[in-house]
Amino acid sequence: MWALIKDNKIEQIYQRPKSLLIGEVRYPSNMFTKYTDAEKAAIGIYPVEDSGTKGNDKFENTSQATYTWSASDKKVTTSYTITEKSLVDTEAKDESGNNILDEKDNKTYNYGLKTQAKTLAKKQANYYIARFNWLVERSIYDSSKAIPDVVKTYVAAIKTDCAEIETAIDAASDMTAFKALYQDIYNYDSDGEIESVKTVARINRWSDDYNVKEYVR
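What counts and how
- Residues numbered from 1 in each chain as written.
- Predicted model: local features only at pLDDT ≥ 70, side-chain atom pairs only at ≥ 80, totals over all residues.
- Heavy atoms only, no water.
- Helix = DSSP H or I, 4+ residues; strand = E, 2+ residues; numbered from the N terminus.
- Contact = heavy atoms within 4.5 Å.
- Pairing = 2+ DSSP bridges.
- Axes fitted to C-alpha atoms, helices over the stretch in contact; angles between N-to-C directions.
- Buried < 20%, exposed > 50% of the residue type's maximum accessible area, 1.4 Å probe, protein only.
- Lys, Arg positive; Asp, Glu negative; His and termini not counted.
- Salt bridge = Lys/Arg side-chain N within 4 Å of Asp/Glu carboxyl O.
- Polar contact = N/O pair within 3.5 Å; in protein donor to acceptor, adjacent residues only side chain to side chain.
- Parallel < 35°, antiparallel > 145°, perpendicular 65-115°, else oblique.
- Nonpolar A, V, L, I, M, F, W, Y, C, P; charged D, E, K, R; others polar.
- Core = buried A, V, L, I, M, F, W, Y, C linked by side-chain atoms within 4.5 Å.
- Patch = residues over 30% accessible without salt bridge, like charges linked within 9 Å, V, L, I, M, F, W, Y side chains within 5 Å.
- Areas by Shrake-Rupley, 256 points an atom, 1.4 Å probe, with all protein chains shown as cover.

Student: Before we go on, may I ask you to explain the environment of Lys-58 in this structure?
Tutor: Locating Lys-58 in the fold gives a position in the loop between β5 (45-49) and β6 (60-62). It is 9.3 Å that separates the C-alpha atoms of Lys-58 and Lys-179, two residues lying 121 residues apart in sequence. When residues no more than four places from it in sequence are discounted, the contact partners of Lys-58 are Lys-85, Leu-113 and Tyr-182.

Student: Mind showing me how you'd approach the sheet that holds strand β8 (residues 75-79) here?
Tutor: Strand pairing within a sheet occurs via backbone hydrogen bonds; the two strands may be parallel or antiparallel. Spatially, the five strands line up as an open sheet ordered β2-β1-β5-β8-β7, and their pairing is mixed. Pairing within the sheet leaves two strands with one partner each, and these edge strands are β2 (9-14) and β7 (66-70). If you compare each strand with its neighbour and ignore which way they point, the axes differ by 35° on average.

Student: So what exactly am I meant to see when it comes to the side chain of Asp-161 here?
Tutor: Of note, Asp-161 is situated in helix α5 (residues 149-171). Buried and unpaired, Asp-161 has Arg-202 as its nearest opposite-charge partner, separated by 4.3 Å. At a separation of 2.7 Å, a polar atom in the side chain of Asp-161 contacts the main-chain amide nitrogen of Ser-207.

Student: Any chance you could explain the packing of helix α3 (residues 113-130) against α5 here in plain terms?
Tutor: A pair of packed helices can be characterised by two numbers: the angle between their axes and the separation between those axes. It is at 10 Å that the axes of α3 and α5 come closest, and there the two elements cross at 175°. Here α3 lies roughly antiparallel to α5, going by the angle between them. For the pair α3 and α5, the contacting residues are Lys-114, Ala-117, Lys-118, Ala-121, Lys-122, Ala-125, Tyr-128 and Ile-129 in the first and Tyr-154, Val-155, Ile-158, Lys-159, Cys-162, Ile-165, Glu-166, Ile-169 and Asp-170 in the second. By residue class, the composition of the contact of α3 with α5 is 11 nonpolar, no polar and six charged.

Student: Quick question: what am I supposed to make of the nonpolar core here?
Tutor: Soluble globular proteins: nonpolar side chains tend toward being buried together. With 23 residues, the main nonpolar core has Phe-132, Ile-169, Phe-178 and Trp-206 as its most contacted residues. Of all elements in the fold, only α3, α5 and α6 (175-180) reach the threshold of two or more residues within this core. The element that contributes the greatest number of residues to this core is α5, accounting for seven residues. Membership of the second largest hydrophobic core comes to 10 residues, among which are Leu-4, Met-31, Ile-43 and Ile-45.

Student: Please explain unusual backbone geometry as it appears in this structure.
Tutor: Glycine aside, negative phi is the norm for most residues, and most peptide bonds take the trans geometry. With a phi close to 60°, Lys-74 is a non-glycine residue in the positive phi region. Position of Lys-74 among the secondary structure elements: in the loop between β7 and β8. Look at Lys-74 and you get partly exposed, because its relative accessible area is 44%. Even without being glycine, Asp-105 reaches a positive phi, approximately 65°. Its location among the elements puts Asp-105 in the loop between β10 (90-91) and β11 (109-110).

Student: How should I be thinking about a nonpolar patch on the surface in this particular structure?
Tutor: Residues Val-136, Ile-140 and Tyr-141 make up a contiguous nonpolar surface patch of roughly 390 Å² in combined accessible area. Mapped onto the secondary structure, Val-136 falls in helix α4 (residues 133-141).

Student: Any chance you could explain the pattern of salt bridges here in plain terms?
Tutor: Pairing between side chains of opposite charge can happen when the charged atoms of each approach one another. One pass over the full model with this rule turns up 10 salt bridges. Residue Lys-107 pairs with Glu-91 through a salt bridge whose shortest N-O separation is 3.0 Å. Here the residue Lys-107 occupies a position in the loop between β10 and β11, and Glu-91 occupies one in strand β10, the gap between them amounting to 16 residues. Relative accessible area serves as the criterion here: at 42%, Lys-107 is assigned to the partly exposed category. The exposure class of Glu-91 is partly exposed, given its relative accessible area of 28%.

What follows is the structure, encoded as structure tokens:
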């Protein structure tokens, strides 16, 4: 990425090489890669250093880059504005601030991170449980074929897991607490290096299916 500097100000940002008309001279696109830094600087072209810190897309929104020219360093640096995504649902509004309504004139909503996380937890639980649907169907058509107790126990455990995950999500009072739901806790060795996972993050912690693998379809 490069910038065209004129009168000590950023005139244009170039994301990729392109043919440029600077003054009365047309420069080919390969100028960006063929010319030395000194040769590019002589016509006002300087590198852009993507030095700004960006947010975590899972939890935060990152603005478009803001570019700053440093005359002393002879380069352009970037910065970003990071804002937290909403944890809670918010009313959907248009550019004029009016509520966006559905086909029945009911308010619509932008789902917050908590709602999205709980929806994902439900889908995950349904996936784990659905692997044993064939046993339910079999028991319906052949009453002599009971659903194994070990499967019933596992399914009940998954439902409990889902409920506990949703409770933990609801209990997160702020973004720090919400992020903690996604963080594993580790055991460390004497050198401070990660040795093993001590506790799997609550959002990803589900009952082990080791004892029911033979029934998975």
